Amino acid sequence: MADQGVVLSAPGEVALEEIEVDAPGPGEVLVRIDATGVCHSDLHVIDEGGWHHSYPVLLGHEGAGTVVAVGEGSDVAVQLHQGDRVVLGWKTACGQCSQCRRGEPRQCKKPPAAPGRLHRADGAELTPVLRTGTFATHTVVPAVAAVKIPDELPTEQACLIGCAVATGVMSVLETAKVWEGARVAVIGCGAVGISVIQGARIAGASEIRALDLDERKLEQARRFGATHTKPGPVDFVFDVVGRRSTFEQSLELIATGGTVVLIGLSPEGETVEIGLPELFARRARILVSHGGDHVAQEDFPRLAQWAVEGKLDLAGMVTRTAPLEAWDDALHAMRDGDVIRTVLTP
Ligand SMILES: [Zn+2]
Ligand SMILES: [Zn+2]
């Protein structure tokens, strides 16, 4: 059967269509997508006119699957074999940019990609979202972006590690370095917010405040470790929403010396006004978390291990599974806040 993918071909135009997937080049792997989470960033790509990707865009970036073919020629590729089950990472380190060279792979500016392998039926080159393109039956990624997962971990759960879980948990452990006993608040309790809550629990936070306008999400948050559902002074606030109102609320919530971590993608042009004397008086720290500053090769194995050990609840985050054809319903369900995650199974 021909390959299929969900393609954003022009502003607002999205459709499931036939695509062509080339063989992997040197240092690349061809992966059959078995499961892909439907993440807010895909909506962001649609809403923000492609979000810096060139049209046509192959959507999806939270995928897991099976290695079908391995291209020649890289150390990482050599370690992967046909049949390996992998999670795809959209943020791997290049090892060559200035950030990587000064020993900060988590801040890599040029994660490797496998360009030119995916096409529409008419031959036009597809740009896979965040170098992955997982709303598809197959995709091609750099071998370094395919991380093996333990046999015990179901693929429908494993895919969440690729974006929401890495972003949320690593924002806590790596970006913010939350300490044991810290007080934490999370604004926005979707899949990333739930992952922040789980990360805070793993870090040993003494208080985890879940904040969301949607009552259903607050109830869910308690299941994953939230201890409070009302605002209060905290050492760390994670703004998973990224709007003026939530960022301002974040600044109000931090105690002296507290940290605000911005995770959510803001719409183009969003601004805030910050009182500098107040910022100074609070000795506030403001951090930006780029996907939890994760490094796939390093972080995915430990996240997967925690899931197998039951420290990290992934099963509870998968609200529904659906075939690839149901991509539109899945996007709507996310917009409406009906699900933590829909996982599509191409
Ligand atoms: Zn995502
Ligand atoms: Zn780099």
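This text goes with the structure placed above it.
The present account deals with the structure reproduced in this document. None of these values were measured; they are calculated from a predicted model. Sequence order sets the numbering: in each chain, residues are counted from 1 along the sequence as written. Labels follow written order: the first chain is A, the first ligand is 1, and so on. Given that this is a predicted model, residues contribute local features only at a pLDDT of at least 70 and side-chain atom pairs are listed and counted only at 80 or more, while totals for whole chains, interfaces and linings are drawn from all residues. Remark: hydrogens and water are excluded; side-chain values derive from all non-hydrogen atoms of the structure.

The next thing to look at is the overall build of the protein. Looking only at helices and strands, the protein features 11 helices and 17 strands. Just to be clear, the radius of gyration here is over C-alpha atoms, and the globule rule we use is 2.2 Å times residues to the power 0.38. Radius of gyration (C-alpha) of the protein: 20 Å, near the 20 Å computed for a compact globule of 346 residues. Dimensions of the protein, computed from the C-alpha atoms along their principal axes, are close to 60 × 40 × 35 Å. For each residue, the accessible area found with a 1.4 Å probe, counting protein chains only, is set against the maximum for its type, and the residue is called buried under 20%, exposed over 50%, and partly exposed in between. Each of the 346 residues in the protein was classed as buried or not, and the buried ones make up 56%. By definition, residues are in contact when any of their heavy atoms lie within 4.5 Å. Taking all contacts inside the protein whose residues are at least 6 apart in sequence as the whole, residues at least 24 apart take part in 72%. By element, 49% of the accessible surface of the protein is carried by carbon and sulfur atoms, the whole surface being about 14500 Å². Seen as two clouds, the 31 positive and the 46 negative side-chain charges of the protein have centres 8 Å apart. Numbering of helices and strands starts at the N terminus; helices are DSSP runs of H or I of at least 4 residues and strands are runs of E of at least 2. Computed by Shrake-Rupley with a 1.4 Å probe, the accessible areas treat only the displayed protein chains as cover when residues are assessed. In this tally, Lys and Arg are treated as positive and Asp and Glu as negative; His is ignored, and so are the chain termini. Charge positions come from single atoms, namely NZ of Lys, CZ of Arg, CG of Asp or CD of Glu.

Put plainly, a pocket is an open set of points on a 1 Å grid over the protein atoms alone with protein on both sides within 12 Å along at least five of seven lines, a cavity is a set where a 1.4 Å probe fits but cannot get out, and a lining residue has an atom within 4 Å of a point. Grid points are joined across faces, edges and corners, and a volume is the space filled by probe spheres set on the points. When its volume is computed, the second largest pocket comes out at roughly 150 Å³. Lining of the second largest pocket is provided by Gly 103, Glu 104, Pro 105, Arg 106, Gln 107, Glu 174, Thr 175, Lys 177, Leu 287, Val 288 and Asp 293. Mapped onto the lining of the second largest pocket, the elements with two or more residues apiece are α5 (164–175) and β15 (285–288). For this classification, the nonpolar set comprises Ala, Val, Leu, Ile, Met, Phe, Trp, Tyr, Cys and Pro, the charged set comprises Asp, Glu, Lys and Arg, and every other residue, Gly included, is treated as polar. Residue composition of the lining of the second largest pocket, by class: three nonpolar, three polar and five charged.

When a metal holds four donors in a tetrahedron, each ideal angle between them is 109.5 degrees; when it holds six in an octahedron, the ideal angles are 90 or 180 degrees. Coordination here is defined by N, O and S atoms within 2.8 Å of the metal (3.2 Å for Na, K and Ca), and since water is not considered, a site can look incomplete. Distances from the zinc ion (ligand 2) to its protein donors, namely Cys 94 (SG), Cys 97 (SG), Cys 100 (SG) and Cys 108 (SG), fall within the range 2.3 to 2.4 Å. Here the metal geometry follows the donor angles, with tetrahedral for four donors whose angles all fall between 85 and 135 degrees, square planar for four and octahedral for six when opposite donors are more than 155 degrees apart and every other angle is between 65 and 115, and irregular for all the rest. Its four donor atoms give the zinc ion (ligand 2) angles of 104 to 117 degrees at the centre, a pattern that matches the tetrahedral case. Counting the intervening residues between successive donors of the zinc ion (ligand 2) yields the motif C-x2-C-x2-C-x7-C. A relative accessible area of 11% means that Cys 100 is categorised as buried.

What follows covers the coordination of the zinc ion (ligand 1). At the metal site, the zinc ion (ligand 1) is ligated by Cys 39 (SG), His 61 (NE2) and Cys 163 (SG), and these contacts range over 2.0 to 2.2 Å. Motif for the zinc ion (ligand 1), donor spacing along one chain: C-x21-H-x101-C. Taken together, the residues His 61 in the loop between β4 (57–58) and β5 (63–70) and Cys 163 in the loop between α4 (155–158) and α5 connect sequence positions 102 residues apart. Here His 61 and Cys 163 have matching classes, each one buried.

For the rest of this paragraph, the subject is unusual backbone geometry. Residues Tyr 55 and Pro 56 are joined by a peptide bond in cis, for which omega reads -10 degrees. In this fold, Pro 56 is placed in the loop between α1 (40–47) and β4. A positive phi angle, close to 50 degrees, is found at Trp 51, a residue other than glycine. With respect to the element layout, Trp 51 can be found in the loop between α1 and β4. With phi around 50 degrees, Asp 293 is a residue other than glycine that occupies positive phi space. Checked against the element boundaries, Asp 293 lands in the loop between β15 and α10 (296–309). In this structure Asp 293 comes out as buried when scored by relative accessible area, which is 4%.

Next up on the list: the sheet that holds strand β2 (residues 13–21). The five strands are arranged β7-β2-β1-β4-β8 in an open sheet whose pairing can be described as mixed. Unpaired on one side and paired on the other, β7 (118–120) and β8 (127–128) mark the two borders of the sheet. Any two strands with at least two DSSP-identified bridges between them are counted as paired. Alignment of β2 against β7, held across three bridges, turns out to be antiparallel. The residue of β7 that forms the bridge with Val 21 is Leu 118.

This brings us to a nonpolar patch on the surface. Each patch is built from salt-bridge-free residues with over 30% relative accessible area, joining like charges within 9 Å and nonpolar side chains (Val, Leu, Ile, Met, Phe, Trp, Tyr) within 5 Å. One side-chain nitrogen of Lys or Arg within 4 Å of one carboxyl oxygen of Asp or Glu is enough to make a salt bridge. A cluster of nonpolar side chains, Val 272, Ile 274, Leu 276 and Ile 286, forms an exposed patch at the surface whose accessible area comes to about 320 Å². With respect to the helices, strands and loops of the structure, Ile 286 is situated in strand β15.

In this analysis, axes come from line fits to C-alpha atoms, helices being fitted only over the stretch in contact, and the angle between any two N-to-C directions falls in the range 0 to 180 degrees. The N-to-C vectors of α5 and helix α6 (residues 191–203) enclose an angle of 40 degrees; their axes lie 7 Å apart at closest approach. Looking at the two axes, α5 sits oblique to α6. Crossing of α5 against α6: the hand is right-handed. Two secondary-structure elements touch here, α5 through Ala 164, Val 165, Thr 167, Gly 168, Val 169, Val 172 and Leu 173 and α6 through Ala 191, Val 192, Ser 195, Val 196, Gly 199, Ala 200 and Ala 203. Taken together, the residues of the contact of α5 with α6 sort by class into 10 nonpolar, four polar and no charged. We call two directions roughly parallel when the angle between them is under 35 degrees, roughly antiparallel when it is over 145, roughly perpendicular when it lies between 65 and 115, and oblique otherwise. Each crossing gets its handedness from the near helix: less than a right angle anticlockwise from the far helix is left-handed, clockwise is right-handed.

Most of α5 is tucked away, with 12 of its 12 residues classed as buried. The inward-facing, buried residues of α5 contact α6, β13 (234–239), β14 (254–262), β15, α10 and β17 (341–344). Following α5 by one or two positions, Lys 177 adopts a phi angle in the positive range, close to 50 degrees.

Here we take up the environment of Leu 88. Tracing the backbone through its elements, the reader meets Leu 88 in strand β6 (residues 85–88). For Leu 88, a relative accessible area of 0% corresponds to the buried category. Sequence spacing of Leu 88 and Leu 262 is 174 residues, and the spatial spacing of their C-alpha atoms is 24 Å. Ignoring any residue separated from it by four or fewer positions in sequence, one finds Leu 88 in contact with Val 31, Ile 33, Gly 63, Thr 132, Thr 134, Thr 139, Val 141, Ala 145, Ala 146, Gly 162 and Phe 300.

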